[in-house]
Amino acid sequence: MTKISDLLAAGPTYSFEFFPPKTDEAARELEKTVSELQPLEPSFVSVTYGAGGSTRDRTRDVVTHIQQDAGITAMAHLTCIAHTRQQLVSLLEEYRAAGIENILALAGDPPADPTVDPGDLRYASELIGLIKGVGNFAIGVAAHPELHPRSGGDRVADRDYLAAKLGQADFAITQFFFEPEPYFRMLDELADRGSDKPVLPGIMPVTNAGQVKRFAELAGAEFPPVLAERFAAVADDPAAVRALGVDIATDLCAELLDYGVPGLHFYTLNRSTASREIYANLGL
Ligand SMILES: Cc1cc2nc3c(=O)[nH]c(=O)nc-3n(C[C@H](O)[C@H](O)[C@H](O)COP(=O)(O)OP(=O)(O)OC[C@H]3O[C@@H](n4cnc5c(N)ncnc54)[C@H](O)[C@@H]3O)c2cc1C
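Below you will find a few notes about this structure. In this text the structure is predicted, and so the values were computed from the model without any measurement. (Residues numbered from 1 in each chain as written. Predicted model: local features only at pLDDT ≥ 70, side-chain atom pairs only at ≥ 80, totals over all residues. Heavy atoms only, no water.)

What about unusual backbone geometry?
A positive phi angle, close to 70 degrees, is found at Ala82, a residue other than glycine. Summarising the element assignment, Ala82 is placed in the loop between strand S3 (74–79) and helix H4 (85–97). Assessed through its relative accessible area of 23%, Ala82 is described here as partly exposed. If you check the backbone angles, Leu147 has positive phi at about 75 degrees while not being a glycine. Take Leu147: it is sitting in the loop between strand S5 (138–143) and helix H6 (155–168). (Helix = DSSP H or I, 4+ residues; strand = E, 2+ residues; numbered from the N terminus. Buried < 20%, exposed > 50% of the residue type's maximum accessible area, 1.4 Å probe, protein only.)

Put into structure tokens, the structure is as follows:
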């Protein structure tokens, strides 16, 4: 298969993010989504990992299935908090044996329960070192244009840590954002620190304004008041909310492509329609 670092070197990538389904019905839905997105020839897809290892086997099974059976390069997300080194090494060895070559290295959220063992590693940067010890993976990391939710607002430290982490990795993918300025500013701040690795913008098409506002709060991303007003004006009409969400995401993608981003990474929530409509609008 293929390393994402090589795909990025060859030109813009177009990728989709999924989460591992919990039920048989959700699994069938994801299967349908993957088959609907296949004709778009995604550069790669990625599959999230539940903090603390709650989706360990499901993430592994979905990543392996998509790569081996659908023939799409698949990246596994992996969080290190609340894991032992040995647990992480075992899972990475399984990925290596299955031909998975791309890992998104994440810290994950600290356990809310103080009695849970926090594990052997604390930061994504430590996980990168461990991954390199297991195999020759392409390694991505998370970037937060509007600062990491745990940064405490310390912009300089946040960007210093991000630049150091990205220096050890091959590329980053951002948390979603709705206006491009925070992303452009983050790229400038990384360049000031000598970092020129590709940073893929994460795109979340709004299909349900209330839901996305909640996600944004959790992810430390601002849901801009002007957009909230536009959604409020059509709040009673779900089809109009969806159409507006697709239009807004299309405009954002067009602006990012004009700027020369290394690719676009779509948060799909395991559905294909919004991404397919944006593709069509952009003429991709
Ligand atoms: C594209 C993308 C995909 C994601 N996928 C998942 C997923 O699958 N599963 C999941 O649970 N979460 C996921 N997340 C969320 C992310 O993992 C969370 O924000 C998590 O809480 C932190 O992980 P991190 O890798 O960003 O942390 P880190 O980069 O390790 O940073 C954590 C915090 O510690 C600080 N820090 C870093 N290094 C040091 C240091 N040496 N000393 C002191 N402070 C330091 C950072 O500034 C930051 O505030 C994803 C996020 C993005 C953007």
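Okay, back to it.
Topic: the layout of surface pockets
Rolled over the atoms, a probe with the dimensions of a water molecule shows which regions are left empty. Taken as a whole, the second largest pocket encloses approximately 200 Å³ of empty space. Thr207, Thr268, Leu269, Arg271 and Ala274 are the residues nearest the centre of the second largest pocket, which is lined by 13 residues in total. Sorting elements by how many residues they give to the lining of the second largest pocket places helix H11 (residues 273–282) first, with three residues. Across the lining of the second largest pocket, the residue classes break down as five nonpolar, six polar and two charged. (1 Å grid on protein atoms, 1.4 Å probe; cavity = no way out; pocket = protein on both sides within 12 Å on 5 of 7 lines; lining within 4 Å. Points joined across faces, edges and corners; volume = space filled by probe spheres on them. Nonpolar A, V, L, I, M, F, W, Y, C, P; charged D, E, K, R; others polar.)

Considering the side chain of Thr268
Mapped onto the fold, Thr268 is located in the loop between strand S8 (263–267) and H11. Judged by relative accessible area, which is 6%, Thr268 ranks as buried. One polar contact links the side chain of Thr268 to the main-chain amide nitrogen of Asn270, over a distance of 2.9 Å. Excluding residues within four positions of it along the chain, Thr268 makes contact with Phe16, Glu17, Phe18, Leu37 and Ser275. (Polar contact = N/O pair within 3.5 Å; in protein donor to acceptor, adjacent residues only side chain to side chain. Contact = heavy atoms within 4.5 Å.)

Looking at the packing of helix H10 (residues 238–259) against H11
Relative placement of two packed helices is described by the angle separating their axes and the distance separating the axes. Closest axis-to-axis distance for the H10/H11 pair is 9 Å, and the angle between their directions is 50 degrees. If you check the angle between H10 and H11, you find them oblique. In this structure, H10 meets H11 at a crossing whose hand is right-handed. Along its contact with H10, which presents Arg242, Val246, Asp247, Ala249, Thr250, Cys253, Ala254 and Leu257, the element H11 presents Thr273, Ala274, Glu277, Ile278, Asn281 and Leu282. (Axes fitted to C-alpha atoms, helices over the stretch in contact; angles between N-to-C directions. Parallel < 35°, antiparallel > 145°, perpendicular 65-115°, else oblique. Left-handed = near helix turned anticlockwise from the far one by under 90°.)

Looking at the site of the ligand
Taken together, 24 residues surround the ligand, and among them Tyr49, Asp109, Ala124, Arg150 and Lys165 come closest. A distance of 3.3 Å separates an oxygen atom of the ligand from a polar atom in the backbone of Gly108. Between the ligand and Ala124, the relevant distance is 2.8 Å, taken from an oxygen atom to a main-chain nitrogen or oxygen of the residue. Its free accessible area being 980 Å², the ligand has 83% of it covered by the protein chains. Of all elements in the fold, only S3, strand S4 (102–106), S5, H6 and strand S6 (171–176) reach the threshold of two or more residues within the shell around the ligand. Per-element tally for the shell around the ligand: the top contributor is S6, with three residues. Residues belonging to the shell around the ligand are distributed by class as follows: twelve nonpolar, nine polar and three charged. (Near = heavy atom within 4 Å. Areas by Shrake-Rupley, 256 points an atom, 1.4 Å probe, with all protein chains shown as cover.)

Here's the deal with the nonpolar core
Judged by nonpolar contacts, the single largest core of 60 residues is most densely connected at Ile66, Leu127, Tyr183, Val199 and Leu256. Non-local contacts of Ile66, meaning those with residues more than four positions away in its chain, are made with Phe18, Val34, Val45, Val47, Gly71, Ile72 and Ala74. Listed in part, the 16 residues of the second largest apolar core include Val212, Ala216, Phe223 and Leu227. (Core = buried A, V, L, I, M, F, W, Y, C linked by side-chain atoms within 4.5 Å.)

Structural notes on the pairing of S8
Counting buried positions along S8 gives five out of five residues, so the element sits mostly inside the fold. Burial along S8 is two-sided: Gly263, His265 and Tyr267 and Leu264 and Phe266, pointing in opposite directions, are all buried. Where strand S1 (residues 13–18) meets S8, five bridges bridge the pair, whose relative direction is parallel. Its bridge partner being in S8, Thr13 is matched across the sheet by Gly263. When strand S7 (residues 199–203) meets S8, the two strands line up parallel, connected through two bridges. If you follow Gly202 over to S8, its bridge partner there is His265. (Pairing = 2+ DSSP bridges.)

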